[in-house]
Amino acid sequence: MTATIIDGKAFAGRVREKVAAHVARLKEEHGITPGLAVVLVGDDPASEVYVRSKGKMTKAVGMLSLEYRLQADAAQDEVMRVVAELNANPEVHGILVQLPLPRHMDEAEVLAAIDPAKDVDGFHISNVGLLGTGQRAMVPCTPLGCLMMLRDHHGDLTGMDAVVIGRSNIVGKPMAQLLLGESCTVTIAHSRTRNLADVVRRADIVVAAVGRPKMVPGDWIKPGATVIDVGINRTEDGLVGDVDFASAVEVAGAITPVPGGVGPMTIACLLANTVTACCRAND
Ligand code: GUN
């Protein structure tokens, strides 16, 4: 039997509709328009694509979209000034500094300067700490999107064995925290994990976020398991995930495709986080 395909594109469309309805209500009933500012430093082509797409979708749901572009050789101080300006701007409820920043910049210093209440990426240490201690936090968009799809598919996740492959601050670690919050038994595996195949074979839920094309073959997947593929790898075969979809789809119970799985959910969650930040700011 082949797996159910979890259609992230359709799901993201529904999330955006809900966000648009919420934005319309905020405008009508409170005269507030949620605003998202995106800061892009340099001209990395992939980042350009993401930033353009974020701007388009922000406007499409009725929110204010601001874009700040700095040259690749901009000084750290310039970025810090933009962040300070956005922190102080009452029209801006969400701030996203597109990563990676150019090498000469201190990423940690920039992320630490963002007002945690406007940190729609959930990368500020305060939000990381709040999430890690089970308190109300801004949650990073990609793992939030993964969790929404898992909840939608399974309902209650209590007691399930979840393996997260990848230990990044952006995806792996917050994903593990979110799954712990759902009372899963969570293993964080990574490139140095011994017997990774055996670790993955135990899992009811596999979240692959290592950035290695087709690294997880179908015969690592427990029959019936749910597979969430966060990987977006550009190869000669086009965009592929971290999971070998062709073999995994024959074994899994449900699986997200690449493209059309996790990717679209990330921006939808960014918009949802911006509305959340706006509502909290006006509580
Ligand atoms: N670069 C790749 N993914 C992300 C993300 O989720 N947020 C930001 N700010 N930059 C990224």
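Throughout this document, residue positions are counted from 1 along each chain, in the order its sequence is written. Given that the model is predicted, a residue must reach a pLDDT of at least 70 before its local features are reported, and side-chain atom pairs must reach 80 or more before they are shown or counted; all residues, however, enter totals for whole chains, interfaces and linings.

As annotated in an unreviewed UniProt entry, the protein chain carries the name Bifunctional protein FolD and comes from Loktanella salsilacus. UniProt positions are given in the numbering used here, feature names are shortened, and annotations may be inferred rather than shown by experiment. Annotation of the protein chain in UniProt includes, under Subunit (unreviewed entry), the sentence "Homodimer." On record in UniProt, under Function (unreviewed entry), the comment for the protein chain is "Catalyzes the oxidation of 5,10-methylenetetrahydrofolate to 5,10-methenyltetrahydrofolate and then the hydrolysis of 5,10-methenyltetrahydrofolate to 10-formyltetrahydrofolate."

Participant: In this structure, what is going on with the nonpolar core? I would like to understand it.
Facilitator: A general feature of soluble globular proteins is that nonpolar side chains tend to end up buried together. A set of buried Ala, Val, Leu, Ile, Met, Phe, Trp, Tyr and Cys residues, joined to one another through C-beta atoms within 7 Å, is what we call a nonpolar core. Between the buried cut of 20 or more and the exposed cut of 12 or fewer other C-beta atoms within 10 Å of a residue's own C-beta lies the partly exposed class, and all C-beta atoms are placed from the backbone. Among the nonpolar cores identified, the biggest contains 88 residues, and Val164, Val206, Val207 and Leu271 are the most heavily contacted of them. Only DSSP runs of H or I with at least four residues qualify as helices, and only runs of E with at least two residues qualify as strands; both kinds are numbered from the N terminus onward. Top contributing element to this core by residue count: helix 10 (residues 262-281), with eleven residues. With residues up to four places along the chain from it excluded, the contact list for Leu271 reads Arg16, Val19, Met57, Thr58, Val61 and Met63. Contact definition: two residues whose C-beta atoms, as placed from backbone geometry, lie within 7 Å.

Participant: Hey, could you run me through helix 7 (residues 172-181) in this one?
Facilitator: Every α-helix winds through 3.6 residues per turn, so residues three or four apart in the chain are directed the same way. In terms of residue burial, helix 7 counts as a mostly covered element, since seven of its ten residues are buried. Residues of helix 7 that are buried: Gly172, Pro174, Met175, Ala176, Gln177, Leu178 and Leu179. Turning to helix 7, the residues buried within the fold contact helix 5 (125-132), helix 6 (141-154), strand 5 (161-165), strand 6 (185-189) and strand 7 (205-208). Positioned one or two residues after helix 7, Ser183 has a phi angle of 65°, which is positive.

Participant: Would you mind going over the site of the ligand with me for this structure?
Facilitator: In this analysis, residues qualify as near a molecule or strand once their C-beta atom, positioned from backbone atoms, comes within 6 Å of it. As a structural note, the neighbourhood of the ligand is formed by Leu96, Val97, Gln98, Leu99, Asp121, Cys141, Thr142 and Ile170. Those elements that provide at least two residues to the shell around the ligand are strand 4 (94-97) and helix 6. Class assignment of the residues belonging to the shell around the ligand gives a composition of five nonpolar, two polar and one charged. Domain limits in this description derive from either an automatic procedure or a database domain assignment. Both domain 1 (31-117) and domain 2 (141-263) contribute no fewer than three residues apiece to the shell around the ligand. Note on residue categories: nonpolar means Ala, Val, Leu, Ile, Met, Phe, Trp, Tyr, Cys or Pro, charged means Asp, Glu, Lys or Arg, and polar means any other residue, Gly included.

Participant: Can you walk me through the sheet that holds strand 6 in this structure?
Facilitator: Sheet strands pair via backbone hydrogen bonds, and the direction of the pair is either parallel or antiparallel. In this description, strands pair whenever DSSP reports at least two bridges between them. Strands sit in the order 1-11-8-7-5-6 across an open sheet of six strands; the sheet is parallel. The sheet is open, and its two edges are formed by strand 1 (4-5) and strand 6, each paired on a single side. Each axis is a line fitted through C-alpha atoms, and for a helix only the stretch in contact is used; angles between axes span 0 to 180 degrees, taken between their N-to-C directions. This element, helix 7, spans strand 5, strand 6 and strand 7 of the sheet and lies at about 170° to strand 6.

Participant: Quick question: what am I supposed to make of the UniProt feature "binding site: NADP(+)" (unreviewed entry) in the protein chain here?
Facilitator: Within the UniProt annotation, "binding site: NADP(+)" (unreviewed entry) is assigned to Gly166, Arg167, Ser168 and Ile232. Tracing the sequence through the fold places Gly166 in the loop between strand 5 and helix 7. When near neighbours in sequence (up to four residues on either side) are disregarded, Gly166 contacts Val171, Gly172, His190, Ala209 and Val210. Within the secondary structure, Ile232 is located in the loop between strand 8 (226-229) and strand 9 (233-235). On the basis of neighbour count, Ile232 is assigned to the partly exposed category, with 18 C-beta atoms found within 10 Å. Not counting the four nearest positions on each side in its chain, Ile232 is found in contact with Leu239, Val258 and Gly263.

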